[in-house]
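The primary structure of each chain is shown beneath.
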Amino acid sequence: MILKSTVPCLMGLALMTGCVVNAQPDIAMAPTGEELKVCAAEDEMPYSNKKEEGFENKLTRLMGQNLNRKIKYVYWKDPRYFIRDFLDKGLCDVVIGVDAGDPRVLTTEPYYRSAYTFISREDDDLDLKDWDSDVLRSVKRIGFIPGTPSEVMIRAIGRYSDMFNYNKELVGFKSRRNQYVKYDTRKLVNDVSSGKAEVAVLWGPSAARYVKESTTLLAMTVIPDNSIRSDGKKVGQHYSTSMAVRKGDTALLERLNHFIKQQKAEINDLLDAEGIPLLPEVKVVQLSNNKDT
């Protein structure tokens, strides 16, 4: 993987091929404390799966180790309702990855900030800088996931209609009413690797592992946070990620914030090893209803 952006990261220039930090947290010691129930996806790689192969599974092990809490996973299948149906009902206590400031829950201090990225073949040497790049108006196929900032910008540059069939092909032309249709980021990255598509536009953490694993040398370009949609309003490209607990559980929130502060270097090492583009943190404005009510 070649990361074309020169955006500074939390661990220096560790995003370039060959300088990825491979250090892993020491998870040899088994926690002996009381059980901590963690809400996790049973099959949403590269975040989490039941085999505990995702990077959020690794973060969970690091957290359990440091809090001396035995981890019990409570798995969900549909990302749309797990806060309401699992965390709010007390079936689990912690969610590992949510947007900082999510008003449905209490969120910790962010533990990383990342961005949407353009993914392309390095040999193609596409001039991809931002959504105003001319090449985005001439390439044959651009992969993206509906409902994300990428869809908004695909519409803004006038490429939504001619990408429609390819986008539906990515999920086998499924469009089930009131059902969750999952887009596989591995497939989107593989389509770029194979030459089926010239560009994929994906949330960096969701694609980094597959870009890194690709046998075709790929470029991952961080999209600057200056995108504007057709009505002139900004479309965010950079977001901070936090852990979350139920509203009212301030004691656990405090312990998680302490863990994030004390183990910041180990957390960054783990995310660097995944290949995730890390950006400097900015102050996140907590929404008014994100508080203990």
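Residues numbered from 1 in each chain as written. Predicted model: local features only at pLDDT ≥ 70, side-chain atom pairs only at ≥ 80, totals over all residues. Heavy atoms only, no water.

Novice: Now, about the overall build of the chain: what can you tell me, with residues and values included?
Specialist: Regarding its fold elements, the chain presents eight helices and 14 strands. Looking at the 293 residues of the chain, the share that counts as buried comes to 50%. In the chain, 73% of the contacts between residues at least 6 apart in sequence involve partners at least 24 apart. When the accessible surface of the chain is split by element, carbon and sulfur atoms take 49% of a total near 14100 Å². (Helix = DSSP H or I, 4+ residues; strand = E, 2+ residues; numbered from the N terminus. Buried < 20%, exposed > 50% of the residue type's maximum accessible area, 1.4 Å probe, protein only. Contact = heavy atoms within 4.5 Å. Areas by Shrake-Rupley, 256 points an atom, 1.4 Å probe, with all protein chains shown as cover.)

Novice: Can you explain the packing of helix H5 (residues 185-194) against helix H6 (residues 204-213)? Please cite residues and give values.
Specialist: Axis separation between H5 and H6 bottoms out at 9 Å; the angle between their running directions is 40 degrees. The angle between the axes of H5 and H6 places the two elements in the oblique class. Crossing of H5 over H6 shows right-handed handedness. Contact residues: H5 offers Thr-185, Arg-186 and Val-189, while H6 offers Ser-206, Ala-207, Tyr-210, Val-211 and Glu-213. Here the residues of the contact of H5 with H6 sort into four nonpolar, two polar and two charged. (Axes fitted to C-alpha atoms, helices over the stretch in contact; angles between N-to-C directions. Parallel < 35°, antiparallel > 145°, perpendicular 65-115°, else oblique. Left-handed = near helix turned anticlockwise from the far one by under 90°. Nonpolar A, V, L, I, M, F, W, Y, C, P; charged D, E, K, R; others polar.)

Novice: Requested: an account of the layout of surface pockets, with residues and values cited.
Specialist: In this approach a probe as big as a water molecule rolls over the atoms, and the regions it shows empty are the leftover space. In this structure, the largest pocket occupies an estimated 1500 Å³ of space. Forming the walls of the largest pocket are 49 residues, and the residues nearest its centre are Glu-44, Tyr-47, Pro-79, Tyr-180 and Trp-203. Each residue belonging to the lining of the largest pocket can be placed in one class, and the counts come to 26 nonpolar, 11 polar and 12 charged. (1 Å grid on protein atoms, 1.4 Å probe; cavity = no way out; pocket = protein on both sides within 12 Å on 5 of 7 lines; lining within 4 Å. Points joined across faces, edges and corners; volume = space filled by probe spheres on them.)

Novice: An account of the side chain of Glu-44 is needed here, citing residue identities and associated values.
Specialist: Here Glu-44 shows up in strand S3 (residues 43-44). Of the buried charged residues, Glu-44 lacks a salt bridge, with Lys-182 as the closest side chain of opposite charge at 4.5 Å. Residues in contact with Glu-44, not counting those within four places in the same chain, are Trp-76, Lys-77, Pro-79, Tyr-180 and Lys-182. (Lys, Arg positive; Asp, Glu negative; His and termini not counted. Salt bridge = Lys/Arg side-chain N within 4 Å of Asp/Glu carboxyl O.)

Novice: Please give an account of the pairing of strand S14 (residues 238-245) that cites residues and values.
Specialist: With seven of its eight residues buried, S14 lies for the most part within the structure. Of the strand pairs in this sheet, strand S6 (residues 94-99) and S14 are connected by three bridges, and their pairing is antiparallel. Of the residues in S14, the one forming a bridge with Val-98 is Ser-242. Of the strand pairs in this sheet, strand S7 (residues 106-107) and S14 are connected by two bridges, and their pairing is antiparallel. Paired with Thr-107 across the bridge in S14 is Ala-244. (Pairing = 2+ DSSP bridges.)

Novice: Can you break down the nonpolar core residue by residue, with the values?
Specialist: Membership of the largest hydrophobic core comes to 63 residues, with the highest contact counts inside it found for Met-63, Ile-119, Trp-131 and Val-199. If we ignore the near neighbours within four places in the chain, the residues touching Val-199 are Phe-118, Ile-119, Leu-126, Leu-128, Leu-136, Val-139, Arg-141, Ile-142, Gly-143 and Val-192. (Core = buried A, V, L, I, M, F, W, Y, C linked by side-chain atoms within 4.5 Å.)

Novice: Which residues make up helix H8 (residues 264-274), and what values go with them?
Specialist: Counting buried positions along H8 gives eight out of 11 residues, so the element sits mostly inside the fold. Among all positions in H8, only Ile-267, Asn-268, Asp-269, Leu-270, Leu-271, Asp-272, Ala-273 and Glu-274 are buried. Packing partners of the buried residues in H8 comprise helix H1 (55-67), strand S8 (112-121), H6 and helix H7 (250-262). Two residues or fewer after H8 comes Gly-275, characterised by a positive phi angle close to 90 degrees.

Novice: Got a sec to walk through the state of the cysteines? Specific residues and values, please.
Specialist: Note on terminology: disulfide describes a covalent bond linking the sulfur atoms of two cysteines. Evaluated as defined, the whole model comprises one disulfide. The disulfide that involves Cys-39 links it to Cys-92, with 2.0 Å between the sulfurs. Because the sign of the S-S torsion sets the handedness, a value of about -75 degrees for the bond joining Cys-39 and Cys-92 places this disulfide among the left-handed ones. Here the residue Cys-39 occupies a position in strand S2 (residues 33-41), and Cys-92 occupies one in the loop between helix H2 (82-87) and S6, the gap between them amounting to 53 residues. Residue Cys-39 is classed as buried on the basis of its relative accessible area, which comes to 4%. (Disulfide = S-S within 2.5 Å.)

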